[in-house]
Amino acid sequence: ALWCLRMSLTPTGGCLLDLPWEDILLPHILCHLPLQQLLSLQRVSKSFQSLIQLYLANMRRFDSSQIRPGIPRAAFVNLLKDNKVLQQLALQNCSDWLTDCELLPVIEQNHHLHQIQLKGCVQLSRHALVTISLSCPNLRQLSLAQCDWVDSLALRSLADHCKALEAVDLTACRQLKDDAICYLVQKCSRLKSLSLAVNANVGDVAVEETAKCCPELEHLDLTGCLRVKNDSIRVLAEYCPKLRSLKVKHCHNVAESSLSVLRSRGVELDVEPPLQRALVLLQDVVGFAPFINLQI
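A quick note: this is a predicted structure, and the numbers were derived from the prediction, not measured.

**So, the overall build of the chain**
A count of helices and strands for the chain gives 13 helices and nine strands. Once local pairs closer than 6 in sequence are excluded, the contacts in the chain between residues at least 24 apart make up 71%. Accessible area for the chain stands at about 15200 Å²; split by element, carbon and sulfur atoms hold 53% of it.

Below, the structure written as structure tokens:
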């Protein structure tokens, strides 16, 4: 705020606020300032308050993590009440208070959203996902990590209405089973990134259907999916030529016999080959790495 006040006088002696707001100040100046500073500017004068309110109404991206230590419920509602042009919405530190009551009005009036981040928003309900499905037809990226309230019916609604999805994070959505994942990938064949991590209900059926339905898949996270076995990894290698990374740590039924094909293609894996793991363990035990030719 202090910096803006110092810069508020132009070389001709005019005021910064004399510049065209919508043509100059909003798109070329305010967009480069952190949201926290913009909110502080509202206290400078009534003119600055009006300017910032106009900016908030035309803001394309809102990230709650930019407001420290955290955004209060009332402030969130007030900041976005007039905005109908949001394209990106990230609500990562609002889990203590964010419910359907606060979120749904924002979603319902912003039909251009293509990226939504709701990681850890545990107080929402399945109605939030249904509303997203009906209101955001152009949605491409969605994070629902650690949202236990996501169920099969809500995910089906998402799949039916948001077929342009390219990245979905369903980490620790423990209500979901293979049938729900299969329905999602059948409807959303453009998926490039999918996380099913920390879900004991996800197994080979879901992974194989994902492989067959999503040829553009580049990133798949199966961390902690205990029911996933070698067979589905082989199918993944066969049907996903564009795969760049695969996470299978703590998948105890996935062995090197199925991973070796992906490893030979340069796919990034989060587990070391058996020999490398043995060397690391040996180094931890004896304190040095033996001279072994790894190319043998």
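**Describing the sheet that holds strand E7 (residues 219-221)**
With respect to topology, nine strands assemble into an open sheet ordered E1-E2-E3-E4-E5-E6-E7-E8-E9, the strand pairing being parallel. Of all strands in the sheet, those bounded by a partner on one side alone are strand E1 (61-63) and strand E9 (268-269). Across three bridges, strand E6 (residues 193-195) lies against E7 in parallel orientation. Paired with Ser-195 across the strands is Asp-221, a residue of E7.

**A short note on helix H10 (residues 204-213)**
Helical geometry: 3.6 residues make up each α-helical turn, so side chains three or four residues apart lie on a common side. Asp-204, Ala-206, Val-207, Thr-210, Ala-211 and Cys-213 are the residues of H10 that are buried. The inward-facing, buried residues of H10 contact helix H9 (178-187), E6 and helix H11 (230-239).

**Here's the deal with helix H7 (residues 126-135)**
Ala-128, Leu-129, Thr-131, Ile-132, Ser-133 and Ser-135 are the residues of H7 that are buried. Where H7 is buried, its residues contact helix H6 (100-108), strand E3 (115-117), strand E4 (141-143) and helix H8 (152-161).

**Some details on the packing of aromatic side chains**
Counting across every chain of the model gives two aromatic pairs. Linked through ring pairs, Phe-62, Phe-76 and Trp-97 together constitute an aromatic cluster. For the cation-ring pair, Arg-156 lies above Tyr-183, with the distance from its terminal atom to the ring centre recorded as 4.2 Å.

**Description of the side chain of Asn-110**
When you line up the elements, Asn-110 lands in the loop between H6 and E3. When its relative accessible area of 0% is taken as the criterion, Asn-110 is described as buried. Reaching out from Asn-110, the side chain makes a polar contact with the backbone oxygen of Asn-83 at a distance of 3.1 Å. Polar contacts involving the side chain of Asn-110 include one to the main-chain carbonyl oxygen of Val-106, which spans 2.8 Å.

**Section: the pattern of salt bridges**
Counted under the stated rule, the structure contains ten salt bridges. Among the salt bridges present, the one from Asp-178 reaches Arg-227, with a minimum N-O distance of 3.8 Å. Of the two residues, Asp-178 is situated in helix H9 and Arg-227 in the loop between E7 and H11; the sequence distance between them amounts to 49 residues. Assessed through its relative accessible area of 10%, Asp-178 is described here as buried. Relative accessible area serves as the criterion here: at 40%, Arg-227 is assigned to the partly exposed category.

**Focus: unusual backbone geometry**
The phi torsion at Gln-146 lies on the positive side, around 65 degrees, for a residue other than glycine. If you check the backbone angles, Val-198 has positive phi at about 55 degrees while not being a glycine. Its place among the elements puts Val-198 in the loop between E6 and H10. With relative accessibility at 38%, the residue Val-198 sits in the partly exposed group.

Conventions adopted
Residues numbered from 1 in each chain as written. Predicted model: local features only at pLDDT ≥ 70, side-chain atom pairs only at ≥ 80, totals over all residues. Heavy atoms only, no water. Helix = DSSP H or I, 4+ residues; strand = E, 2+ residues; numbered from the N terminus. Contact = heavy atoms within 4.5 Å. Areas by Shrake-Rupley, 256 points an atom, 1.4 Å probe, with all protein chains shown as cover. Pairing = 2+ DSSP bridges. Buried < 20%, exposed > 50% of the residue type's maximum accessible area, 1.4 Å probe, protein only. Phe/Tyr/Trp six-rings, centres within 6.5 Å; stacked < 30°, edge-to-face > 60°. Lys NZ or Arg CZ within 6 Å of the ring centre and 35° of its normal. Polar contact = N/O pair within 3.5 Å; in protein donor to acceptor, adjacent residues only side chain to side chain. Salt bridge = Lys/Arg side-chain N within 4 Å of Asp/Glu carboxyl O.

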